[in-house]
Amino acid sequence: MTLDGLERVLRQKFKPTRRISNRKVHLVRYADDFIITGPTEEVLENEVRPLVERFLNERGLQLSPEKTRITHITEGFDFLGQHIRKYRDEKVVVKPSKKNTKVFMDKIREIVNANASASQRNLIRQLNPVIRGWLNYHTHVSAARAFQKVDYMLWCILWQWAKRRHRHKPAYWIAQKYWHPIGRRSWTFAVATGERMPNGEPNWHRLVYPADAKIRRHVKIRGEANPFDPHWRGYFEERTFLKRFGVTRREAGVTCSESRSRESRGLGTA
């Protein structure tokens, strides 16, 4: 709440004029983390930064010297655990930051080391929520390469965990005990639950693998959309359909009225 009003101050200071139609000074903020864009380094250093410092000083705050820096978009910067960078082809790429990935892997190592003597089932039960939470946070950006890298690091950490438990067993014995061919993966860290699937195959309690996650782009909600206004009902139904199936109703060949009638008959919508 203390930072509320900063955007209004910047807008008043850098509002468009007859000579300059767009000052390109914008604030993006989440809680106490924020970035400010500007047309040049000089504008940010000589105009924007002093304005922000005065705004904070009036509230007993100051910019953190370690976290505050001015950089060009082509060099990239970290914001909210993700790295944002614009490349030569004018394409802006957002991916998990190295720092965020390191913090995540440190958390994984901490859990694995704390469960050196735990069963495989309990270890998987503790790891999956942490992995799934990290995946859900980054699944809307260009994270495929980062997911593959984390996949490999997970294997290394779990292999060391298994080797420490069976120091006198050969590698093939350890692999057959803790890793199993499931689906498209020939090495899946999993343990059998003792139950059977309807098709007769064994049911597995397995680790969540980042490389198996699907990248789904986030579509921004329209600023004027109101979930309590009946006029926007079809728009929010469309978003729900997209989130559930990954396609729009038009792509699936189903209209809003058809989908509601199918759901009422219990036939589904795709």
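Here the structure is shown first, and the text comes after it.
Residues numbered from 1 in each chain as written. Predicted model: local features only at pLDDT ≥ 70, side-chain atom pairs only at ≥ 80, totals over all residues. Heavy atoms only, no water.

Novice: Sorry if this is basic, but what is going on with the packing of helix H4 (residues 120-138) against helix H5 (residues 144-165) here?
Specialist: Angle between the axes and distance between the axes: these two values describe a pair of packed helices. Packing of H4 against H5 leaves a shortest axis separation of 13 Å and a crossing angle of 165°. Here H5 runs roughly antiparallel to H4, going by the angle between their axes. By crossing handedness, the relation of H4 to H5 is classed as right-handed. Across the interface between the two elements, Gln120, Leu123, Leu127, Ile131, Trp134, Leu135 and His138 from H4 touch Phe147, Val150, Leu154, Leu158 and Trp161 from H5. Looking at side-chain class alone, the contact of H4 with H5 contains ten nonpolar, two polar and no charged residues. (Axes fitted to C-alpha atoms, helices over the stretch in contact; angles between N-to-C directions. Helix = DSSP H or I, 4+ residues; strand = E, 2+ residues; numbered from the N terminus. Parallel < 35°, antiparallel > 145°, perpendicular 65-115°, else oblique. Left-handed = near helix turned anticlockwise from the far one by under 90°. Contact = heavy atoms within 4.5 Å. Nonpolar A, V, L, I, M, F, W, Y, C, P; charged D, E, K, R; others polar.)

Novice: Please clarify how the layout of surface pockets should be interpreted in this entry.
Specialist: Empty space among the atoms becomes apparent when a probe as large as a water molecule is rolled across them. Put simply, the largest pocket is a space of about 1700 Å³. Of all the secondary structure elements, the ones that give two or more residues to the lining of the largest pocket are strand E2 (33-37), helix H2 (41-57), strand E3 (77-79) and helix H3 (98-114). With six residues, the single largest contributor to the lining of the largest pocket is H2. Here the lining of the largest pocket is built from residues that sort into 17 nonpolar, twelve polar and ten charged. (1 Å grid on protein atoms, 1.4 Å probe; cavity = no way out; pocket = protein on both sides within 12 Å on 5 of 7 lines; lining within 4 Å. Points joined across faces, edges and corners; volume = space filled by probe spheres on them.)

Novice: Before we go on, may I ask you to explain the nonpolar core in this structure?
Specialist: Nonpolar side chains tend to gather and get buried jointly when the protein is soluble and globular. Ranked by size, the top nonpolar core spans 31 residues in total, and within it Leu127, Ile131, Trp179 and Phe189 carry the most contacts. At the level of secondary structure, the elements contributing two or more residues to this core comprise H3, H4, H5, helix H6 (171-178) and strand E7 (185-196). The leading source of residues in this core is H5, at nine residues. Aside from chain neighbours lying at most four places away, what touches Leu127 is Ile108, Ile111, Val112, Leu158 and Leu207. The next biggest cluster of nonpolar side chains, apart from the first, holds 15 residues, and it includes Ile36, Leu51, Val52 and Leu56. (Core = buried A, V, L, I, M, F, W, Y, C linked by side-chain atoms within 4.5 Å. Buried < 20%, exposed > 50% of the residue type's maximum accessible area, 1.4 Å probe, protein only.)

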